[in-house]
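What follows is each chain in one-letter form.
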Amino acid sequence: IILKKNSNLGFNGSINAGTNFGVTPKANASLDLNYRVNKFNFYTTYSLNHGKWNNKGFINTIDALDADESNSSVFTINNFNKNHFVKAGVDFYVNEKNTISFFTNQNINNSEGEFYNRIDYFSGVNPTIIQNNIALNESTNQVYNLGYKYEFEKPQKTFDVEFNYNRNDRPEDSVFLDGDNNLLQTNQIETVGQNVIVNVDFVNPINDKTKLELGLESRFDGTDNTFDRDFTYFSDFDYKRNIQSAYANYGKQLDKWSYQVGMRLESFQVEANFRRVDENPGQFKDDIFTVYPSAFLSYVPTEKNTFNLSYSRRVDRPNLGQVNPIRNWSSPTIDQEGNPNLEPQFTNSVELNYTRTTKIGAITSGVFFRYINDPINQVFIQSPYDPNKKLMTFDNFESTTEYGIEASGNLNLKKWWSVNYGGDVYFRNATGVVEDVNQNLVEKTVLSTPFNARMNHTF
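Owing to the predicted nature of the structure, the values given are computational and were not obtained by experimental measurement.

1. Considering the overall build of the protein
Within the protein, the secondary structure is distributed over one helix and 24 strands. Principal-axis analysis of the C-alpha atoms places the extent of the protein at approximately 80 × 50 × 50 Å. Taken across its 459 residues, the protein has 35% of its residues classed as buried. Partitioning the contacts of the protein with sequence separation of at least 6, the portion at a separation of at least 24 is 59%.

2. Regarding the packing of aromatic side chains
For the structure shown, the criterion picks out 19 aromatic pairs. Their ring planes at 85° and their centres at 6.0 Å tell us that F75 and F115 sit as a pair that is edge-to-face. Here the residue F75 occupies a position in strand β4 (residues 71–93), and F115 occupies one in strand β5 (residues 98–121), the gap between them amounting to 40 residues. Given a relative accessible area of 12%, F115 falls into the buried group. Both rings, one in F227 and one in F234, keep their centres 5.4 Å apart while their planes meet at 75°; by these two values the pair is edge-to-face. The exposure class assigned to F234 is buried, which follows from its relative accessible area of 12%. An aromatic cluster is present here, built from W257, Y299, F307 and Y354 joined pairwise through their rings. Against the face of F152 rests K157, its NZ or CZ located 4.6 Å from the ring centre. In this structure, R370 packs its charged tip against the face of F368, placed 4.1 Å from the ring centre.

3. Some remarks on the sheet that holds strand β15 (residues 329–330)
If you trace the four strands from one edge of the open sheet to the other, you get β15-β16-β20-β19, paired in mixed fashion. In the strand order of this sheet, the two ends are held by β15 and β19 (376–382), each with one partner. Looking at chain direction, strand β16 (residues 334–336) and strand β20 (residues 390–396) are connected through three bridges and run parallel. What sits directly across from Q336, in β20, is M392.

4. What about the confidence of the model for the protein?
Taken residue by residue, the protein gives an average pLDDT of 93. The fraction at 70 or more is 98%. Between the elements of the protein, mean pLDDT differs from a low of 84, seen in β15, to a high of 97, seen in strand β7 (residues 158–169).

5. Considerations on the environment of I108
In this fold, I108 is placed in strand β5. Remark: the alpha-carbon pair of I108 and D201, spanning 93 residues in sequence, is separated by 32 Å. Those residues in contact with I108, other than ones at most four positions away along the chain, are K82, N83, H84, S139 and T140.

6. Regarding unusual backbone geometry
With a phi close to 65°, N181 is a non-glycine residue in the positive phi region. With respect to the helices and strands, the residue N181 is situated in the loop between β8 (172–178) and β9 (183–207).

7. Quick look at empty space enclosed by the protein
Within this structure, the stated rule accounts for one cavity of 30 Å³ or more. Of the voids in this model, the largest cavity is the one considered here, and its volume is about 50 Å³. Together, I59, S73, F75, F115, N117, W329, S331, T333 and I334 line the largest cavity. Listed by contribution, the elements that provide at least two residues to the lining of the largest cavity are β4 and β5. Grouping the amino acids of the lining of the largest cavity by side-chain chemistry returns five nonpolar, four polar and no charged.

8. Re the pairing of β20
Among the seven residues of β20, five are classified as buried, and the element is accordingly described as predominantly covered. Sheet topology note: the β19/β20 ladder contains seven bridges and is antiparallel. Looking across to β20, one finds that Q378 is bridged to F394.

Conventions and cut-offs
- Residues numbered from 1 in each chain as written.
- Predicted model: local features only at pLDDT ≥ 70, side-chain atom pairs only at ≥ 80, totals over all residues.
- Heavy atoms only, no water.
- Helix = DSSP H or I, 4+ residues; strand = E, 2+ residues; numbered from the N terminus.
- Buried < 20%, exposed > 50% of the residue type's maximum accessible area, 1.4 Å probe, protein only.
- Contact = heavy atoms within 4.5 Å.
- Phe/Tyr/Trp six-rings, centres within 6.5 Å; stacked < 30°, edge-to-face > 60°.
- Lys NZ or Arg CZ within 6 Å of the ring centre and 35° of its normal.
- Pairing = 2+ DSSP bridges.
- pLDDT = per-residue confidence, 0-100.
- 1 Å grid on protein atoms, 1.4 Å probe; cavity = no way out; pocket = protein on both sides within 12 Å on 5 of 7 lines; lining within 4 Å.
- Points joined across faces, edges and corners; volume = space filled by probe spheres on them.
- Nonpolar A, V, L, I, M, F, W, Y, C, P; charged D, E, K, R; others polar.

Rendered as structure tokens:
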């Protein structure tokens, strides 16, 4: 996000405070200060968020092989969070062409969560199970960002360099109690994540109708995790991801036609190591070189009509929570954890849109087709660690195709009334390998028809 330089000389600031009440009250407050003098612009922000969150739900499980195992699991989750956020930075306008910027974010979050779970078996043969999990988290997140911008004599010709470092520490201390508040076990989890991104971007408008963009990015993600049970080592996990990429975009205006073509080259390397007591260490490595082309074509026959055709290839990588095999949460019948063997999912997308401009606003409609390779999905399988539990984790399916229609618009019905709306409906055909009731791996194909709709009225 590129923000305009602050043009207000001297000191200015604002104070904001608010509260909202659902089931429980929540409060927030913030202080924003800015001081612009000579070639320097100093700014700082402090905010506080404080409140309780309540969630309830259930999972009904029908066991086709053993009716005595069919059950209803009811859970209640109560969380109390207190979050302190501070941002401070400075912009140094060396001259009309050179700007150096630095800022830091410091985030401290204290939370206490309670996860109550009651399991009743339909047959009445197995006794009711009650488990209460209380977890304390005191996490910190630090961001340090340094940027340099050079503006050439030619308008809109720029050169940018940005360095960003992020560190996240998330320790957890939790206890598990039975229905009589007897201690079942304790967990101690330490999670340390680090992220480094370096960007170099060059934008050159060759002339009024032609523009060239070039860029480089170097990115490193890593996390180290340890898991102690009852203050005794149980497992640990480390994950390192290295991404090097370069891109180029070329755009041109030709009377009623305009186009942009682009390409990104990317080298992706990952290594994960997982160790657990009484098990052989596991390791996952991957090295992928990928090309991401893109093309956009626009035709404007009249001021009121616009046609757009586009193609792009993109990637969605698993986040660190999806690959971390250390348990995220646990109940008497289900454990949730990540899968370090997850691979990125790739999407090829084609879209055709038509926009009509009217007296009261613009209306856009279109069709699209997407082919997704190795889509990441959430799965339930038999736990390899406990025959009485299911494991909720993530896996790559084989492929998914999506095709459908969408429409959106911004309409000014009156001077005092405007409407923003959107909707889409599409067919999704997903193919993958799943575990059946006999714990055999079988290939399945499922066709679904998702739809989304939204509407905003502003008075």
